[in-house]
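Residue-level structural notes
One-letter residues, chain by chain:
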Amino acid sequence: DAKTTQPPSMDCAEGRAANLPCNHSTISGNEYVYWYRQIHSQGPQYIIHGLKNNETNEMASLIITEDRKSSTLILPHATLRDTAVYYCTVYGNKLVFGAGTILRVKS
Amino acid sequence: GAGVSQSPSNKVTEKGKDVELRCDPISGHTALYWYRQRLGQGLEFLIYFQGNSAPDKSGLPSDRFSAERTGESVSTLTIQRTQQEDSAVYLCASSLAGPYGYTFGSGTRLTVV
């Protein structure tokens with residue numbers, strides 16, 4: 001399973017877009033990129049995943065570089081409730097989570 | 001049920017005792033995963049079940065840890081002779097086979113005193 005690298009923390013102003021980067025330079029051709037988040041004391045919540053193409057759903061957008069070695073999760077209009085730990089992970093046959101990025105949304 | 005259900009939600013046990021943690025996955029989800037999360041730490045993979053295939057036990061930290069799953073239903077994680085370092089939140093997740101998102105339960109908070 002490929003490893004991922006994320007910044008330990010980021011701040012974002014409420015109402016602005018939050019852009020969370022992730023490096024996964026050892027990703028294999030058939031491995032998907034997944035994003036989850038974990039709000040304090042809760043189980044992780046699935047956000048979005050993708051293989052090659054950019055993806056968008058009601059929660060976020062996922063931008064994957066052409067070489068697939070990195071990706072960015074975009075929360076278009078961050079709110080205070082988006083404050084959480086965000087995990088970028090690569091799926092082979094199971095998800096292996098790294099330390100994640102603590103996103104703090106501030107008013 | 002609508003989500004992944006874990007029980008108990010909290011468990012306090014004495015050092016040296018055995019504990020069993022239960023996970024009820026979403027109906028129809030063939031894959032089931034157990035993770036451990038120590039206070040302030042990330043998620044640590046423990047074990048993975050997929051249908052009738054042999055489970056992936058590569059994350060189990062010692063032979064005191066074991067897990068079973070009957071078919072595509074309930075799973076039980078057993079920790080024998082608990083130690084204080086076993087204190088953590090134990091999370092279960094389930095998914096459809098293949099690259100689908102996991103749905104996590106709320107976890108069991110285990111405290112070994």
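Let me begin by describing the structure that accompanies this report. (Residues numbered from 1 in each chain as written. Chains lettered and ligands numbered in written order. Predicted model: local features only at pLDDT ≥ 70, side-chain atom pairs only at ≥ 80, totals over all residues. Heavy atoms only, no water.)

**Let's talk about the side chain of A:Asp82**
Residues and elements named next belong to chain A. Of note, Asp82 is situated in the loop between strand S7 (70-75) and strand S8 (84-91). Here Asp82 falls in the buried class, since its relative accessible area comes to 13%. A polar side-chain atom of Asp82 sits 2.8 Å from a polar atom in the side chain of Arg37. (Helix = DSSP H or I, 4+ residues; strand = E, 2+ residues; numbered from the N terminus. Buried < 20%, exposed > 50% of the residue type's maximum accessible area, 1.4 Å probe, protein only. Polar contact = N/O pair within 3.5 Å; in protein donor to acceptor, adjacent residues only side chain to side chain.)

**Some thoughts on the sheet that holds strand S2 (residues 18-23) of chain A**
Residue and element names in this part refer to chain A. The four strands lie next to each other as S2-S7-S6-S5, forming an open sheet whose pairing is antiparallel. With partners counted over all chains shown, the strands left at the sheet margins are S2 and strand S5 (55-56), one partner each. As judged from the six bridges shared by S2 and S7, these two strands associate in the antiparallel manner. Residue pairing in the sheet places Asn23 in a bridge with Ser70 of S7. (Pairing = 2+ DSSP bridges.)

**What to know about the interface of chain A and chain B**
In this complex, chain A contributes 15 residues to the contact, which on the side of chain B involves 18 residues. Carbon and sulfur atoms supply 56% of the area buried between chain A and chain B, which totals about 1400 Å² over both sides. Linking chain A with chain B are zero salt bridges, by the criterion used here. Taken together, the links from chain A to chain B amount to five residue pairs in polar contact (both at pLDDT 80 or more). Of all the secondary structure elements, the ones that give two or more residues to the side of chain A that touches chain B are strand S3 (32-38), strand S4 (45-50) and S8 of chain A. The element contributing the most residues to the side of chain A that touches chain B is S3(A), with four residues. (Contact = heavy atoms within 4.5 Å. Buried area = accessible area lost by both parts, 1.4 Å probe. Salt bridge = Lys/Arg side-chain N within 4 Å of Asp/Glu carboxyl O.)

**Observations concerning the sheet that holds strand S9 (residues 101-106) of chain A**
All names here are of chain A. In space, the five strands of this open sheet follow the order S1-S9-S8-S3-S4, with mixed pairing throughout. Single-partner strands in this sheet number two, and they are strand S1 (9-13) and S4. Strand-to-strand, the axes of this sheet are offset by a mean angle of 25°, without reference to chain direction. Pairing between S1 and S9: five bridges, direction parallel. Following the sheet pairing, Asp11 is matched in S9 by Arg104. (Axes fitted to C-alpha atoms, helices over the stretch in contact; angles between N-to-C directions.)

**Re the layout of surface pockets**
Where empty space is left can be seen by rolling a probe of water-molecule size over the atoms. Empty space within the largest pocket amounts to approximately 720 Å³. Lining the largest pocket are 32 residues, with A:Gln38, A:His40, A:Ser41, B:Gln37 and B:Gly40 sitting closest to its centre. At the level of secondary structure, the elements contributing two or more residues to the lining of the largest pocket comprise S8 and S9 of chain A together with strand S8 (88-95) and strand S10 (108-112) of chain B. Among the elements that take part in the lining of the largest pocket, S10(B) stands out by supplying four residues, more than any other. Of the residues that constitute the lining of the largest pocket, the class distribution is 12 nonpolar, 17 polar and three charged. (1 Å grid on protein atoms, 1.4 Å probe; cavity = no way out; pocket = protein on both sides within 12 Å on 5 of 7 lines; lining within 4 Å. Points joined across faces, edges and corners; volume = space filled by probe spheres on them. Nonpolar A, V, L, I, M, F, W, Y, C, P; charged D, E, K, R; others polar.)

**A closer look at unusual backbone geometry**
For the bond from B:Ser7 to B:Pro8, the omega torsion is -10°, close enough to zero to count as cis. Here B:Pro8 shows up in the loop between strand S1 (5-7) and strand S2 (10-13). With a phi close to 65°, A:Arg68 is a non-glycine residue in the positive phi region. As for its placement among the helices and strands, A:Arg68 is situated in the loop between strand S6 (61-64) and S7. Unusually for a residue other than glycine, B:Arg81 sits at a positive phi of about 45°. For B:Arg81, the position within the fold is in the loop between strand S7 (75-79) and S8.

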